[in-house]
Amino acid sequence: MAANKTHVDSVVAERRLRPIYDWLDNGNYKKAIQEADKVLKKQPDFLCAKVLRALAFLRNGKEDTCDSILESVRSEVPVDEPTLQAMTIAYREMHRFQNICSIYANAVQKEPNSEDLLTHLFMAYVRVGDFKKQQQTAMALYKIRNKNPYYFWGVMSVVMQTREVPENMARSVVLPLAERMVVKMIEQGKVEAEQEVQLYLMILEMQDKIKEALDVLNGPLGEKIVSNLGLVHTKKAALLARLDRWKEAHMMYKKLLREDLDRWNYYQEYFKTSMKLWNKVESERMSEAEQSREQTDKLWHIPDVCPKEIAEFLQLLADINLEQGSKMFRAPFLAKLELFRIMTEKDLNPEELLGDVMELINDYFVPFGSKPCCFSDLQIYLPLVPSLRASELMNKLSLSYDLTENQLPENKYQMQRHINLTKIRRSLGLHENLSSEDKISLVKELLRRYDHGASIDQVANPTDFPIHDAYVLIASHILHEMSINEQKEDKLVEAAAILEHALNHSPSNFHFKLLLLKIYSMIGAGNAAQSTYELLDIKHMQLDSLGWLHCAHLSSTGLVSLASAHCEAALKFFSANYSDSLDHLTYSYKYGSFLKISEFVEFRDRLHNSHHYTRCSVERMLSELLMPSTHEQALEAIGRMDITPSDDNIAWEKLRDNRDLDVIISFDPKKKHLTPEQMEQTFLREVEVIKLRRLQLRCLAAAFDLLKPASGDANGSCDDLLPRLISELSVMNLPTFPAPTTELNYPIKSRTDFIHGSRHLPAFVRALQLAYQLSELRRDPQGNDAAALNSMTKVTEEISQVCNEAEESLDNDHSLLMRRSALEAATNSFETLSFLALLCGVYKNLVWPAAAGPSKKGKKKKEATDQPQPKLIESLTKLAKHLNDCCSRLLESVGRWEARVALVDKLNEHLCKWSLDEAEESDQGGDEQNKRRDQMVVAVVAKLRHSYMTSAKELQNLLSHRCKHFEAYIS
């Protein structure tokens, strides 16, 4: 009877709650609240209805109401699953994961033998990363339900505790405990699943017990790994290598190569083990075995311990590969080139064993030259060709191209072979020595071939890249390089024009979009860059790995609000990723994917410590401080920020560089590519830039803290904070940014690079010093105000220089290549003026209370203290007026610059004339091609003009608001 009653109650409860769930799912939260109120009117103690009502309030923007309801429900310690699940949803949306642990821990205390409650409690601890309590909960689960997964949840929880303890403790205490727990199950014969064996192997490897791990793979437990037998063999070979049993590892990789000739990672490990065996005397190998190498079959069973023997084995693989006929693999050809590279690095004589490197490259190119992968396969080996023989190599490779140099291809295979030849020619550096005229001729030829390619390369799927797109990429790379080397803006616009045209025919080609984004960012066309960025449809992880391409440079073009929106979008991704990664962890435990757990935790930490995440956080807060137009709004903005001036809570040493610095495809010679040292150099500079911006933010927050009432000693330490921060800011020194380069992936200078070394920081520092000096006068009205008056004079001088520099940059902007610098100067000046506007509010509130004079009790003192105050107030008013004048002058300069943007029309005429001049000497087809190029140029020039106009209007709008801000302090 009791069971029937419980079932009936459950059905009734579900029927009553269904309308609330429906309204919540439909997004009508007011209706959900009304339905919940109806249910609670009939059943006031219905906890699940209360929680759903709280959830509706939360989604309706009333978090405080939701919080109070949830607290009242939590105090009643619910144990029913619907209530707990609803509370979990609410707490997750509020990002209060610890509260989820609390409600399930309380429920477990009521019902300690509930498997469901303990399981939910375990997953709650997984979300907060409490590994110790995970272990305790998992073992409690195993105690009441003798199931292997629960036990190994506990083992994995022990393993995860190694992330929280010193390495020596992890090796001496934590990992041995995890090993003993697994050994206990092995001895009892309870290890059943493949994942459990893999976890045991992971524990042994973490302790460097490689021999024991190898024994496991070779023993009965290894037979349980059945999902990927190839992985088992690879794992055995890797373990043998870690044990320095190079011969056995080497022979295993030879066996693996016999089974799969085209697995490149097998070749890499084969070379590694061969080099380790080189010059070692193997006692097992007798002289008879040496002589038996002439028998082909024996080569599989004898280790290759010197380059000669390696070359013999590679030739055996090549012979087997040739028997495949038209189905030949690429790896055997590339393996010879890899051996050539290794021997070259070791200062050996590879030609003696392998022959001429050009012959090896040609041997590969003949069968695979018509494949898209050809260039990427050969690119790493092209530096092996001496520069003096580069032309000779091209002549040799061209022999496999059965058309004359100027003859157009008849099919896409011929076209792909010609494209690969062109890429190789560029990678060998043969384009570098061409004259400007020859480079322009080459661009024309590439565009001619691109137009022809459209007739023979019909792509059915719009998401596929046509083969002939490569011609446009190479042509745009040449023009980009010419524009930088020769400082010619017309070449850059031509590059953008042909890319825009090609993008219309191949809308999915992200290579075009990335290069366009780079070009528009270089010339300060923020709106044009934004439209291109939107075409890329960057999302998820790409917001971190590719965000540096656009987000860091958008504010340089004056589009401050758009830059702020980008930072906010990136921050939303990082926040969502944290929640998503928690789900990945719970699923990994649920399905026993123990090897993935550490990967997910590492992935989460990598994103959490991303320098781009930190940069977006800082820039977002700084941009919020650029928007207030009153002191009250500034106070409100500062109050919303999670920042403590005295605490720099960023773990700078843990910041990770997640930038993809190879995302823009390049066919340039290796010497032009970014080196690891350059990548590290640019990252360290990025970190220093973020430190500078963060310090500026902390200084502003500390200045606003000066307005807080004094409170004894604690305030005394706070009073010393701003001088300390000013001192840090004064000595900040960014590493020198390297000179511009034609390398496509080299980061563009950010706006902060232009702030540093200019008068912006000195002006900001002087303004901060003034705030501190005024706070000192506030505490001691009888103090000398000479220092404050002097600082006001210095601030006036510094800000005048800042604005003069910006006006000069705007007035002297006569080239597209200078446009970005002009916009940056204006944006930086606006930012500095905005910071000073914020500080003017601080100045006024520090001085005005003192201006009212002391209370009646200090009548005698009033006469002594009133005298300097009018002078101070008068000087502050003059400072505000001067700042307003500077802002007005800058506003006028931006207006003049906006009017001159029409000069782009002259640039348009120049570019069109250049194209038309060529057309006069062309045939009808060339005429038509140049007309299309003229139209492309016109479209790009119009796009640039619109972009610059948009930037100018936003800057004018921002400066106008800033003038009104200053005017409030003048009256």
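Everything here concerns the structure above.
Residues numbered from 1 in each chain as written. Predicted model: local features only at pLDDT ≥ 70, side-chain atom pairs only at ≥ 80, totals over all residues. Heavy atoms only, no water.

So, the overall build of the protein
Note the following rule: By the criteria applied, helices consist of DSSP H or I runs no shorter than four residues and strands consist of E runs no shorter than two, each listed in order from the N terminus. Exposure categories follow from relative accessible area, calculated using a 1.4 Å probe and restricted to protein chains: below 20% of the type maximum is buried, above 50% is exposed, and the middle band is partly exposed. In what follows, residue pairs with any heavy atoms lying within 4.5 Å of each other are defined as contacts. Surface accessibility follows the Shrake-Rupley procedure with a 1.4 Å probe radius. Residue values consider only the protein chains on display as shielding.
Across its full length, the protein carries 45 helices and zero strands. Sorting the 971 residues of the protein into buried and exposed places 52% on the buried side. Sequence-distant contacts in the protein: of pairs separated by 6 or more residues, those separated by 24 or more amount to 72%. For the protein, the computed accessible surface area is about 44,800 Å², with 51% contributed by carbon and sulfur atoms.

A short note on the nonpolar core
Threshold: Throughout this description, the term nonpolar core refers to a set of buried Ala, Val, Leu, Ile, Met, Phe, Trp, Tyr and Cys residues connected via side-chain atoms within 4.5 Å.
In this structure, Tyr-520, Leu-774 and Tyr-843 are the most contacted members of the largest nonpolar core, which totals 211 residues. Top contributing element to this core by residue count: helix 41 (residues 816-851), with 17 residues. Excluding anything up to four places from it in sequence, Tyr-520 contacts Ala-496, Glu-500, Ala-525, Ala-528, Ala-529, Thr-532, Val-940, Lys-943 and Leu-944. In terms of nonpolar packing, the next biggest core, distinct from the first, is built from 92 residues, Ala-32, Leu-47, Leu-84 and Ala-138 among them.

Points about the packing of helix 9 (residues 148-160) against helix 10 (residues 167-187)
Note the cut-off: Here, axes are lines fitted to C-alpha atoms. For helices the fit covers the stretch in contact, and angles between N-to-C directions go from 0 to 180 degrees. For this classification, under 35 degrees means roughly parallel, over 145 means roughly antiparallel, 65 to 115 means roughly perpendicular, and everything else is oblique. Crossing handedness is defined as follows: a turn of the near helix away from the far one that is anticlockwise and smaller than a right angle gives a left-handed crossing, while the clockwise case is right-handed.
As a packed pair, helix 9 and helix 10 sit with axes 8 Å apart at the nearest point and diverge in direction by 160°. On the basis of their axis angle, the class for helix 9 and helix 10 is roughly antiparallel. Two packed elements cross with a definite hand, and for helix 9 against helix 10 that hand is left-handed. Contacts between helix 9 and helix 10 involve Asn-148, Tyr-151, Phe-152, Gly-154, Val-155, Val-158 and Val-159 from the former and Val-174, Leu-177, Ala-178, Met-181, Val-182, Lys-184 and Met-185 from the latter.

Brief notes about the pattern of salt bridges
Put simply, the test is: Take a side-chain nitrogen of Lys or Arg and a carboxyl oxygen of Asp or Glu: if they are within 4 Å of each other, that pair is a salt bridge.
Counting across every chain of the model gives 61 salt bridges. Of the charged contacts in the structure, one is a salt bridge between Glu-205 and Arg-242, with a shortest N-O distance of 3.2 Å. Residue Glu-205 is found in helix 11 (residues 194-206), and its partner Arg-242 is found in helix 13 (residues 229-242); the two are separated by 37 residues along the sequence. Among the residues examined, Glu-205 registers a relative accessible area of 17% and is labelled buried. Since its relative accessible area comes to 43%, Arg-242 is described here as partly exposed. Salt-bridge contacts for Asp-490 lead to Lys-491; the nearest nitrogen and oxygen are separated by 3.3 Å. Given the relative accessible area of 4%, Lys-491 is considered buried. Salt bridges sharing common partners tie together Glu-167, Arg-171, Glu-205, Asp-208, Lys-235 and Arg-242.

Some details on the side chain of Gln-696
Position of Gln-696 among the secondary structure elements: in helix 35 (residues 676-705). The buried category is assigned to Gln-696, whose relative accessible area is 3%. Contact partners of Gln-696, with chain neighbours within four places excluded, come to Leu-729, Leu-761, Phe-764 and Phe-835.

Quick word on the packing of aromatic side chains
Heads up, the rule is: Pairing of aromatic side chains requires ring centres within 6.5 Å, counting the rings of Phe and Tyr and the six-membered ring of Trp. Pairs whose planes differ by under 30 degrees are stacked, by over 60 edge-to-face, and all others tilted. Charge over a ring is defined by NZ of Lys or CZ of Arg lying within 6 Å of the ring centre and within 35 degrees of the ring normal.
Counting across every chain of the model gives 16 aromatic pairs. Site record: aromatic cluster; members linked through ring pairs are Phe-122, Tyr-150, Trp-153 and Tyr-589. For the cation-ring pair, Lys-254 lies above Phe-313, with the distance from its terminal atom to the ring centre recorded as 4.4 Å. When the ring centre of Phe-365 is taken as reference, the NZ or CZ atom of Arg-417 above it lies at 5.3 Å.

Side note on the environment of Asn-265
The condition that has to hold: Pairing of N or O atoms within 3.5 Å defines a polar contact, subject to two protein rules: one partner must be a possible hydrogen donor and the other a possible acceptor, and residues neighboring in sequence count only if both atoms are side-chain atoms.
Its place among the elements puts Asn-265 in helix 15 (residues 264-277). Take Asn-265: its relative accessible area is 32%, and that puts it in the partly exposed class. Along the backbone, Asn-265 and Ala-331 are 66 residues apart, and their C-alpha atoms lie at a distance of 9.9 Å. Among the polar contacts listed, one links the side chain of Asn-265 to the side chain of Arg-263, at a separation of 3.2 Å.

Focus on unusual backbone geometry
With the exception of glycine, the majority of residues adopt a negative phi angle, and the majority of peptide bonds are in the trans configuration. Positioned with a positive phi, Asp-347 is a non-glycine residue whose angle comes to about 55°. Position of Asp-347 among the secondary structure elements: in the loop between helix 18 (331-345) and helix 19 (350-354). If you check the backbone angles, Asp-537 has positive phi at about 55° while not being a glycine. Relative to the elements of secondary structure, Asp-537 occurs in the loop between helix 28 (526-536) and helix 29 (542-545).

Overview of the side chain of His-468
By secondary structure assignment, the location of His-468 is in the loop between helix 24 (436-456) and helix 25 (469-486). Those residues within four positions of His-468 in sequence are excluded, and the remaining contacts are Met-415, Ile-419, Tyr-450, Gly-453, Ala-454 and Asp-457.

Things to note about helix 13
Since the α-helix advances by 3.6 residues per turn, residues separated by three or four positions end up pointing in the same direction. Rules: A helix is expected to span 1.5 Å multiplied by its residue count minus one.
Over its 14 residues, helix 13 runs 20 Å from end to end, which matches the ideal 20 Å to within 8%, given 1.5 Å per residue. All of the buried residues along helix 13 are Val-232, Lys-236, Ala-237, Leu-239, Leu-240 and Ala-241. In this structure, the buried side of helix 13 is in contact with helix 11, helix 12 (210-218) and helix 14 (246-259). Phi for Asp-244, located one or two positions after helix 13, is positive at around 60°.

Observations concerning the environment of Lys-147
Relative to the helices and strands, Lys-147 is located in the loop between helix 8 (131-144) and helix 9. The class for Lys-147 is partly exposed, based on a relative accessible area of 39%. Between the C-alpha atoms of Lys-147 and Lys-190, which are 43 residues apart in sequence, the distance is 9.8 Å. In contact with Lys-147, not counting residues within four places along its chain, are Glu-115 and Tyr-142.

A word on helix 4 (residues 63-74)
Rule in force here: It is the directions from the helix axis to the C-beta atoms that the arc portrays.
The end-to-end C-alpha distance of helix 4, which contains 12 residues, comes to 16 Å, matching closely the 16 Å that a straight helix rising 1.5 Å per residue would cover. Taken together, the buried positions of helix 4 are Cys-66, Asp-67, Ile-69, Leu-70, Val-73 and Arg-74. Projection of helix 4 onto a plane perpendicular to its axis shows the buried side chains occupying an angular sector of 170°, all on one side. Buried-residue contacts for helix 4 involve helix 3 (47-59), helix 5 (81-93) and helix 6 (97-110).

Considering the environment of Ile-310
Along the chain, the position of Ile-310 falls in helix 17 (residues 307-322). Through-space distance from the C-alpha of Ile-310 to that of Ser-274 is 7.5 Å; in sequence the pair is 36 residues apart. Setting aside residues no more than four positions away along its own chain, Ile-310 makes contact with Tyr-270, Phe-271, Ser-274, Met-275, Asp-304 and Leu-339.

Focus: the state of the cysteines
Heads up, the condition is: What counts as a disulfide here is a pair of cysteine sulfur atoms lying within 2.5 Å.
Summed over the entire model, instances satisfying the criterion amount to zero disulfides. This cysteine, Cys-803, is not joined by any disulfide, and Cys-886 carries the nearest cysteine sulfur, 4.3 Å off. According to the relative accessible area criterion, Cys-803 is buried, its value standing at 0%.

Note that all results are geometric; they support no functional claim without further evidence.
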